[in-house]
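An overview of the molecular structure
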Amino acid sequence: MIEASHLSKVYGLPPDRALPLLTDERRHEAVRDAGGFLGADDVSFTVQRGELFVIMGLSGSGKSTVLRMINRLVEPTGGRLIIDGRDVLAMAGDDLRELRNRRISMVFQHFALFPHRTIRENAAYGLKVRGVPVKERLERADWALGRVGLGDRGDTRPDELSGGMKQRVGLARALATDADILLMDEPFSALDPLIKREMQELLLTLQAEDQRTIVFVTHDLNEAMRIGHRIMVMKDGRVVQCGTGQEILSSPADDYVSDFVADVDRSRVLTAAAVLRPPLLTAGLPDSPEDVLRRLGAAEMNGLFVLDELGCLLGVARDDLLANAVRNGEGDLRNCLVQEYEAVPVDRPLVEFCHLAGRHTVPIAAVDEQGRLLGVVPRAAILSSLASPKKVTAHA
Ligand SMILES: Nc1ncnc2c1ncn2[C@@H]1O[C@H](COP(=O)(O)OP(=O)(O)O)[C@@H](O)[C@H]1O
Ligand SMILES: [Mg+2]
């Protein structure tokens, strides 16, 4: 959908100045020596249709510069930008206006609501500039307000709304348009943590329903991890890493990324899939209790999962119950099973199930939608994955 290659932005110098071909650090210096500033340097990324792509980095790292180059609010100095197969940097006149006003909508941290207009009129503003007739745009605005939970507030004025609600109007304004790309520049940064959480949830819900393509800027890695399908980490105008939250968490590219990662609540990002192990032993119904007991003993285990022929969980065979069964001449494993286990979907975050670890003789089972055992999550695997990797610091 969006394909950016080698985008760069030099502020404060004539656009035809070529970027010096130097190493990264020297390039910054050279541009500065010439009286300019290198805001974005050799930035390449692609955003899939329907993806929620996050640009993350410290203040001044070039996030807004990159975001605004997407609709050419900031004119790139070099590179290529393709949106839906069309070369954006070659666009002019009507084409460019169409891209900016129809295809793409922007949501800012501080966007101006018109104080003397109703919430409905404010939400309809994006359509007004697109020339949509008044009746239609007010209807669209009402629809969009409904989607952000302000359906009954259309007639009120902005000063009657809290900060979080105002931000919802901003979101409604973007939703009311039929733009299929939303650019969001730290839209939730000024909100209280609880309201911020609420807005993130709302954005995720709207995103799942609409499948719009969203590029979202934040300096908060927790936020990035919570909402981003993929995250691009920026530093000094350059891309230092791009990947899923789990990828960035488990292998940060450098110390800059590690520093961010240290503050992340790993239990919310890592899922059962990230800590999955193959089960050491399993059994099937044709196996005899005696045989299963022997295998358990040899592996020094107290219990195992019993699966049907498709790999679905039937229950747990515990060594003490098996021993009883063998003593009583019970030959059918089916009669020895207990339902003493916890099963979770593989995509469940650790935070939602780590308290279940260690309750039973068997580890937590990670299952697919059909209930098939994909692997087990031992308590030790959870604990070790939650401990952040130590940063290696060089000593002088
Ligand atoms: N119009 C401009 N002129 C000169 N420098 C700018 C301009 N806009 C941004 N910069 C500089 O470019 C760098 C990146 O800015 P920006 O993209 O806004 O970063 P971020 O959004 O990550 O905080 C900053 O050092 C900023 O001072
Ligand atoms: Mg910014």
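For the structure, see preceding data.
First things first, this report covers the structure right here in the doc. Just so it is clear, the structure is predicted and the values come from calculations on it, not from any experiment.

What counts, and where the lines are drawn
Residues numbered from 1 in each chain as written. Chains lettered and ligands numbered in written order. Predicted model: local features only at pLDDT ≥ 70, side-chain atom pairs only at ≥ 80, totals over all residues. Heavy atoms only, no water. Helix = DSSP H or I, 4+ residues; strand = E, 2+ residues; numbered from the N terminus. Buried < 20%, exposed > 50% of the residue type's maximum accessible area, 1.4 Å probe, protein only. Areas by Shrake-Rupley, 256 points an atom, 1.4 Å probe, with all protein chains shown as cover. Lys, Arg positive; Asp, Glu negative; His and termini not counted. Charge placed at Lys NZ, Arg CZ, Asp CG, Glu CD. Contact = heavy atoms within 4.5 Å. Pairing = 2+ DSSP bridges. Axes fitted to C-alpha atoms, helices over the stretch in contact; angles between N-to-C directions. Parallel < 35°, antiparallel > 145°, perpendicular 65-115°, else oblique. Left-handed = near helix turned anticlockwise from the far one by under 90°. Nonpolar A, V, L, I, M, F, W, Y, C, P; charged D, E, K, R; others polar.

**So, the overall build of the chain**
- Scanning the chain from N- to C-terminus turns up 15 helices and 16 strands.
- Across its three principal directions, the C-alpha atoms of the chain cover 90 × 60 × 40 Å.
- Counting across all 396 residues of the chain, residues that qualify as buried make up 47%.
- Surface accessibility of the chain: about 19400 Å² in total, with carbon and sulfur atoms responsible for 50%.
- With 49 positive and 57 negative side-chain charges, the chain shows a spacing of 5 Å between the two charge centroids.

**A look at the environment of Leu 175**
- Mapped onto the secondary structure, Leu 175 falls in helix H7 (residues 163-176).
- In this structure the C-alpha to C-alpha distance between Leu 175 and Leu 145, which are 30 residues apart in sequence, comes to 8.8 Å.
- Once residues lying within four places of it in the same chain are set aside, the contact partners of Leu 175 are Arg 140, Trp 143, Ala 144, Arg 147, Val 148, Leu 206, Asp 210 and Arg 212.

**Considerations on the sheet that holds strand S6 (residues 104-108)**
- Read across the sheet, six strands follow the order S6-S7-S8-S3-S9-S10 without closing on themselves; strand pairing throughout is mixed. At either margin of the open sheet sits one strand with a lone partner, and together these are S6 and strand S10 (238-243). Averaged over all pairs of adjacent strands, the angle between their axes in this sheet comes to 15 degrees, without regard to strand direction.
- Sheet analysis places strand S3 (residues 52-57) next to strand S8 (residues 213-218), joined by five bridges and oriented parallel. Looking at S8, one finds that Met 56 is bridged to Thr 218.
- Contacts from helix H3 (residues 93-103) reach S6 and strand S7 (181-185) within the one sheet, and its direction differs from that of S6 by about 55 degrees.
- Of the strands in this sheet, S3, strand S9 (230-235) and S10 touch helix H11 (residues 255-262), which is tilted by about 125 degrees from S9.

**Concerning the environment of Val 376**
- Within the secondary structure, Val 376 sits in strand S16 (residues 373-377).
- Separated by 97 residues in sequence, Val 376 and Pro 279 have C-alpha atoms that sit 5.6 Å apart.
- Non-local contacts of Val 376, meaning those with residues more than four positions away in its chain, are made with Val 275, Leu 276, Arg 277, Pro 278, Pro 279, Phe 305, Pro 363 and Ile 364.

**Considerations on the packing of helix H6 (residues 134-147) against H7**
- Packing of H6 against H7 brings their axes to within 8 Å, and their N-to-C directions diverge by 130 degrees. Between H6 and H7, the crossing angle belongs to the class labelled oblique. The hand of the H6/H7 crossing is right-handed. Every residue of H7 that contacts H6 at Arg 140, Ala 141, Trp 143, Ala 144, Leu 145 and Arg 147 is listed here: Ala 172, Leu 175 and Ala 176.
- When the residues that make up the contact of H6 with H7 are grouped by side-chain class, the tally is seven nonpolar, no polar and two charged.

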